[in-house]
Amino acid sequence: MGSLPNETFSVEEQQQQLALEDACRTERKKWLINSPDPPSLWQELVSAIRGSVFPRGRKHSSSTGGRHAAAMSFLQGLFPLLSWGRTYKASKFKHDLMAGLTLASLSIPQSIGYANLAKLDPEYGLYTSVVPPLIYALMGSSREIAIGPVAVVSMLLSSMIPNLVDPAADPIGYRRLVFTVTFFAGTFQAIFGLFRLGFLVDFLSHAAIVGFMAGAAIVIGLQQLKGLFGMSHFTTKTDVISVLHSVIKSVQHEWYPLNFVLGCLFLVFLLVARFIGRRNKKLFWFPAIAPLISVILSTLIVYLTKADKHGVKVVKHIKGGLNPSSLHQLQFEGPHVAEAAKIGLITAIVALTEAIAVGRSFASIKGYHLDGNKEMMAMGFMNLAGSLTSCYVATGSFSRTAVNFSAGCQTVVSNIVMAVTVLLSLELFTRLLYYTPIAILASIILSALPGLIDINEAYYIWKVDKLDFLACIGAFFGVLFASVEIGLLAAVTISFAKILLNSIRPAIQQLGRLPRTDIFCEIDQYPMAIKTPGILTLRVNSALLCFANANFLRERIISCVTEEENETEETAKGRVQILILDMSNVMNIDTSGIVALEELHNKLNSSGIKLAMVNLRWQAIHKLKLAKFMEKIGAEWIFLTVGEAVEECLASKLESTNNC
């Protein structure tokens, strides 16, 4: 008899514990169901713009001091130089000065070569290495990136703009269109950054970029055969068939062996310098100054031997002085404006993709974060300024950034040093470049191309993801055998097809409880997971429940229920009485998705199956409440976790069985 009070107390304690757990579950349900409304589209847009120009995590009062702090926060967000410039020391400048001078020694010959690739006069490449780096130094946040003209962007312009204006027949009109395209490219880049549209750049996937860069490198290399052979007539097309046909045809009638010999000799020198620099990191400066040494030596050889009289083609006059204004040359009227905007958009995306990839790779080495949206704004404003000062589209160069990094740069001041050095060269030394051979510029570009072809990365993509590799070779062969636009279009199309395939046909996975835990996992991945008799638990593996996949998901869920019922009949287990949908992956839902859920609920209801939903996300539950779907299934069938849903459903099943 003495043990009876203890037993009674134990039962009461258990009942109290169960009641407490029920109360906690009910409270957690209320947290989910009564969550506040998410921000509207307008609020998100305003927040995105504010986040682009104000550093996060700072709140300011409405007092005078608060307004001053807010103004400073705005300026520091727009001009990072104001933030780190206050702590800049002379010890850092010593490193930046050496890095900037090393960078300039590489940038000057490369800029002249890339201008030639873009079918512009040499001085425009040098102009592009002056103004854009200075603007980026004010607004950019990468410490290592080197700004200026690059091979891929130069090739893009020279392959697309000649379809509108022939640079040989109308060089002034061609130049004006280049500046207009640069203006549009800068505008698009600034808009992408301001409205946080960086996801548009991500449409060019990593695999697509690898393929595009490799194809572009081969096309650029083939185009340099014109300079290497000293040809005057050459195709304006960029596909490999047209270029090779043009080379074979021209070699039969016009080519000058001295150009070829001179170009090949210095190409070998540049490649050897590159090899030495890679083998011995302490000699990083050797491949950096090798192009400048090549220009100086080849210019002296041509001048002393008068090789220009014997068929060696030279640069001739390079206009010196400060960047002239090109505001009056921008064209916003006429038949080519729409095409210029299209080319500007393509160039903007390619330039941003390259710059952000370069900036982030070196930022990760140094251990700091690079804000992609702020980088887009900086790139946009620097190209807008460049379009007004006789520059064409500039971006971050991987080869020059690697040199800048190896030279020990500490901040973006190295870009300022480089820009000032190039400016001094424009003022003082352009006359000395009159006898620089065109073949040397071709060899400088050719020596930089191996860095654009990454065979190991292509093999890695093939090994990891075959669909990604399809985008890679689509871009590669598109650029190589059709055109730049076709290559980009092929890459984006394949990438979109991959996204659509995953979005339209998302997976539905059955969940089970792992033994001796309260964790529910996918049965396909964890075969030891245990099903709960009479309860079917499914997870929707899609971020969106929308018009594209709503009907498929509804039919797939009904199919899973039917299959489960057939299986339970064969194994003599209880039929499915409750369907639990884990919605934790579904970030958003549209009206088509809501209609599909309503049809699913009606179908299940007619079969005597209850529908429970777990972990509805913010936007999804808000829209379901507005559509009154929550009232249809009942608030008691909404749960925060799968474990709670299964426990309560089991209790509900037990209660209904006892009542029967």
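On a predicted model such as this, the values are computed, not experimentally measured, just so you know.

Procedures and definitions
- Residues numbered from 1 in each chain as written.
- Predicted model: local features only at pLDDT ≥ 70, side-chain atom pairs only at ≥ 80, totals over all residues.
- Heavy atoms only, no water.
- 1 Å grid on protein atoms, 1.4 Å probe; cavity = no way out; pocket = protein on both sides within 12 Å on 5 of 7 lines; lining within 4 Å.
- Points joined across faces, edges and corners; volume = space filled by probe spheres on them.
- Helix = DSSP H or I, 4+ residues; strand = E, 2+ residues; numbered from the N terminus.
- Nonpolar A, V, L, I, M, F, W, Y, C, P; charged D, E, K, R; others polar.
- Salt bridge = Lys/Arg side-chain N within 4 Å of Asp/Glu carboxyl O.
- Buried < 20%, exposed > 50% of the residue type's maximum accessible area, 1.4 Å probe, protein only.
- UniProt positions renumbered as here; feature names shortened; annotations may be inferred.
- Pairing = 2+ DSSP bridges.
- Phe/Tyr/Trp six-rings, centres within 6.5 Å; stacked < 30°, edge-to-face > 60°.
- Lys NZ or Arg CZ within 6 Å of the ring centre and 35° of its normal.

### Things to note about the layout of surface pockets
Move 1: The space that makes up the second largest pocket amounts to roughly 1,100 Å³.
Move 2: Along its surface, the second largest pocket is lined by 33 residues, and Asn116, Lys119, Lys226, Ser232 and Ile438 are the ones closest to its centre.
Move 3: Sorting the residues of the lining of the second largest pocket by element identifies helix 5 (90–117), helix 9 (171–194), helix 11 (225–229) and helix 19 (438–448) as the ones contributing at least two each.
Move 4: The residue makeup of the lining of the second largest pocket, split by class, is 16 nonpolar, nine polar and eight charged.

### Some details on the pattern of salt bridges
Move 1: Inspection of the entire model under this criterion finds 13 salt bridges.
Move 2: Across the pair Glu567 and Lys531 runs a salt bridge whose closest N-O atoms are separated by 3.2 Å. Within this pair, whereas Glu567 is found in helix 23 (residues 550–570), its partner Lys531 is found in the loop between strand 4 (520–522) and strand 5 (535–541), the two being separated by 36 residues in sequence.
Move 3: Accessibility expressed as a relative area gives 39% for Glu567, which makes it partly exposed.
Move 4: Shared partners join several salt bridges into a network, and the residues in it are Asp465, Asp468 and Lys498.

### Quick word on the UniProt feature "transmembrane region" (unreviewed entry) in the protein
Move 1: On the UniProt side, "transmembrane region" (unreviewed entry) is annotated at positions that read residues 177–197, 203–222, 255–277, 283–304, 376–395, 401–425, 432–453 and 473–501 here.
Move 2: End C-alpha atoms of residues 255–277 are separated by 33 Å, and the span's content is 91% helix alongside 0% strand.
Move 3: Split by type, residues 473–501 is 93% helix and 0% strand. Its first and last C-alpha atoms lie 19 Å apart.

### Describing the pairing of strand 5
Move 1: Among the seven residues of strand 5, six are classified as buried, and the element is accordingly described as predominantly covered.
Move 2: Here strand 3 (residues 507–513) pairs with strand 5 via four bridges, running antiparallel. Its bridge partner being in strand 5, Ile508 is matched across the sheet by Val540.

### A few points about the packing of aromatic side chains
Move 1: Applying the stated criterion to the full structure yields 17 aromatic pairs.
Move 2: With 5.0 Å between their ring centres and 70° between their planes, Tyr434 and Tyr435 make a pair best called edge-to-face.
Move 3: Residue Tyr434 is classed as partly exposed on the basis of its relative accessible area of 34%.
Move 4: In this structure Tyr435 comes out as partly exposed when scored by relative accessible area, which is 25%.
Move 5: Connected via pairs of aromatic rings, a cluster forms that spans Tyr124, Tyr127 and Phe179.
Move 6: Residue placement shows Arg143 over the ring face of Tyr368; its charged tip is 3.9 Å from the ring centre.

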